[in-house]
Amino acid sequence: NAGVTQTPKFQVLKTGQSMTLQCAQDMNHNSMYWYRQDPGMGLRLIYYSASEGTTDKGEVPNGYNVSRLNKREFSLRLESAAPSQTSVYFCASCKQGPYNEQFFGPGTRLTVL
Amino acid sequence: DQQVKQNSPSLSVQEGRISILNCDYTNSMFDYFLWYKKYPAEGPTFLISISSIKDKNEDGRFTVFLNKSAKHLSLHIVPSQPGDSAVYFCAALPTFGNEKLTFGTGTRLTIIP
């Protein structure tokens, strides 16, 4: 039982390049999330998916797209990376329920030059 | 507009003493609160939560207190141990079952042996 896994762990991009961050969970959770963490800013929600086939914008969606490929997988795509997207990205999942405990992956550290 | 605020970016406490981490919120619609703990290079992990119908919730060495009239919550760790050194985030939900957490900016706790 791996929980929430993210690939890659580290990535360096040049401005304008594109990439996809992958996330998968094996806990049969309905909801999945993408956050970014920046110094002094805490965790900010980029996009979330309440169930397979649905996605919705969070607090900071500009410059990102997401795909909920199936119940297990939720990917985050940067179409044209910008230095402002340098951050640590966390994926999380949640069993839709009263306590909303979210389980987080280990993160992807992305640097855009 | 930061709806959940952790005004102390860092806190140092002697081992064995009490650690008190504070969190303030501005949205009166928040009625469920969670604390997450984060070690370097790892994703956040759930620590403890509290519903607005309670003013205290305890789990071992961890106690969360909620003062709704002051829109303030605090996390007490007694006694503090070196393994408690981490970044602590408080998070809030506006309605029971709503899945979009709003996180604070985090407090880095250092336990001094």
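Residues numbered from 1 in each chain as written. Chains lettered and ligands numbered in written order. Predicted model: local features only at pLDDT ≥ 70, side-chain atom pairs only at ≥ 80, totals over all residues. Heavy atoms only, no water.

Topic: the state of the cysteines
Working definition: the covalent bond between the sulfur atoms of two cysteines is a disulfide. All names here are of chain A. Let me state the cut-off plainly: Two cysteine sulfur atoms form a disulfide, by the criterion used here, when they sit within 2.5 Å. In this text, helices come from DSSP runs of H or I with a minimum length of four residues, and strands from runs of E with a minimum of two, each type numbered from the N-terminal end.
Going through the model one piece at a time under the given rule, you end up with 2 disulfides over all chains. There is a disulfide in this structure between C23 and C91, and the S-S distance comes to 1.8 Å. Judged by the sign of its S-S torsion, about -75°, the bond between C23 and C91 is left-handed. Taken as a pair, C23 in strand β3 (residues 19–25) and C91 in strand β9 (residues 87–94) lie far apart in primary sequence, 68 residues in all.

Observations concerning the layout of surface pockets
For clarity, the cut-off: Residues are said to line a cavity or pocket when one of their atoms sits within 4 Å of a point; the points come from a 1 Å grid over protein atoms alone, cavities being sets where a 1.4 Å probe fits but cannot get out and pockets being open sets with protein on both sides within 12 Å along at least five of seven lines. Grid points are joined across faces, edges and corners, and a volume is the space filled by probe spheres set on the points. The residue classification treats Ala, Val, Leu, Ile, Met, Phe, Trp, Tyr, Cys and Pro as nonpolar and Asp, Glu, Lys and Arg as charged. All others, Gly included, are polar.
Looking at the largest pocket, its volume works out to about 660 Å³. For the largest pocket, the lining is made up of 31 residues, of which A:Q37, A:V88, A:R109, B:K38 and B:R108 are closest to its centre. Looking at the lining of the largest pocket, the elements that each hand over two or more residues are β4 (31–38), β9 and β11 (108–112) of chain A together with β9 (86–93) and β11 (107–112) of chain B. Of the residues assigned to the lining of the largest pocket, the class counts are 14 nonpolar, 11 polar and 6 charged. One number sums up the size of the second largest pocket: a volume of about 320 Å³. Lining of the second largest pocket is provided by 17 residues; of these, A:E59, B:Q3, B:L101, B:T102 and B:F103 occupy positions nearest its centre. In terms of residue count, strand β5 (residues 42–49) of chain A provides more of the lining of the second largest pocket than any other element does, 3 residues in total. Of the residues that constitute the lining of the second largest pocket, the class distribution is 7 nonpolar, 6 polar and 4 charged.

In short, shape yes, function no, at least from these values alone.
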